[in-house]
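This is what each chain is made of:
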Amino acid sequence: VYVSMTDVEHRGSVFLYQDMTLLWKVKGIDDVTPASLTAAHALRPPPDLLIVGCGARMGALPKETIEFFRDGETAVEVLDTPNAVATYNILVQEGRAVAAAMILPIDESET
C-alpha cells in the first residue's frame, strides 16, 4: 500500500509542506495529537490549510488536536486519505499554501 502525491510515491505516513517531506509516525486517527503535529505549528510561513488524511475511512480528530489549531493561522480539513491526496495535489498545483499530514491507508484485506 502506498500514497502517491505530486508524482512521488510514499510507502508510509507522511507530513508534507512545500518542498519538505517528513516521515510521520502515526498509524491511526487517534495518534493525531498536538505532539504529532508540532511541525505544522512551527512552519514559517504557516500554511493556510492543513489537510489530514485519516486513512481508508473518514474519522474525527481527537478533541485536544482540534483545540490545538482553533486559534491559529492554519485551518484544518479532515478527509479519508485518498480524497486528501487528491485535494492536496490540486491545491499545490494552484500554488496554495497547504500542508498535508497523511496516514497511510491500510488495506483491510491484508490484515
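Located above this text is the structure these notes cover.
Predicted, not measured: the structure shown is a model, and the values here were computed from it.

Q: Account for the nonpolar core, naming residues and giving values.
A: Grouped together as the largest cluster of nonpolar side chains are 18 residues, with contacts concentrated most on Phe15, Trp24, Val32, Leu37 and Leu50. Contributing elements (two or more residues each) for this core: strand E3 (14–17), strand E5 (49–53) and strand E7 (98–102). The contacts of Val32, once residues within four sequence positions are left out, are Trp24, Val26, Leu37, Val52, Leu61, Pro62, Thr65 and Ile103.

Q: How would you sum up unusual backbone geometry? Please name residues and give values.
A: The amide bond that connects Arg44 to the next residue, Pro45, takes the cis arrangement and shows omega of -5°. Residue position: Pro45 is located in the loop between helix H1 (38–42) and E5. Non-glycine residue Gln18 carries a positive phi angle of around 50°. The residue Gln18 is located in the loop between E3 and strand E4 (20–23) in this model.

Q: Please set out helix H3 (residues 81–93) residue by residue, giving values where relevant.
A: Look at H3: 18 Å from first C-alpha to last across 13 residues, which is about the 18 Å you get at 1.5 Å a residue. Just downstream of H3 lies Gly95, where phi reads positive at about 80°.

Q: Give me the environment of Arg57: which residues, what numbers.
A: Along the polypeptide, Arg57 turns up in the loop between E5 and helix H2 (63–70). Classification of Arg57 as exposed rests on a relative accessible area of 57%.

Q: So what's going on with the sheet that holds E5? Which residues, and what values?
A: Overall, mixed pairing links the five strands, which are arranged E4-E3-E7-E5-E6 in an open sheet. The open sheet has two edge strands, E4 and strand E6 (75–79), and neither has a second partner. Within the sheet, the average angular offset between the axes of one strand and its neighbour, ignoring direction, is 15°. Across the sheet, H3 lies against E3, E5, E6 and E7, angled at about 160° from E7, the strand it touches most.

Analysis parameters
Residues numbered from 1 in each chain as written. Predicted model: local features only at pLDDT ≥ 70, side-chain atom pairs only at ≥ 80, totals over all residues. Heavy atoms only, no water. Core = buried A, V, L, I, M, F, W, Y, C linked by side-chain atoms within 4.5 Å. Buried < 20%, exposed > 50% of the residue type's maximum accessible area, 1.4 Å probe, protein only. Helix = DSSP H or I, 4+ residues; strand = E, 2+ residues; numbered from the N terminus. Contact = heavy atoms within 4.5 Å. Expected span 1.5 Å × (residues − 1). Pairing = 2+ DSSP bridges. Axes fitted to C-alpha atoms, helices over the stretch in contact; angles between N-to-C directions.

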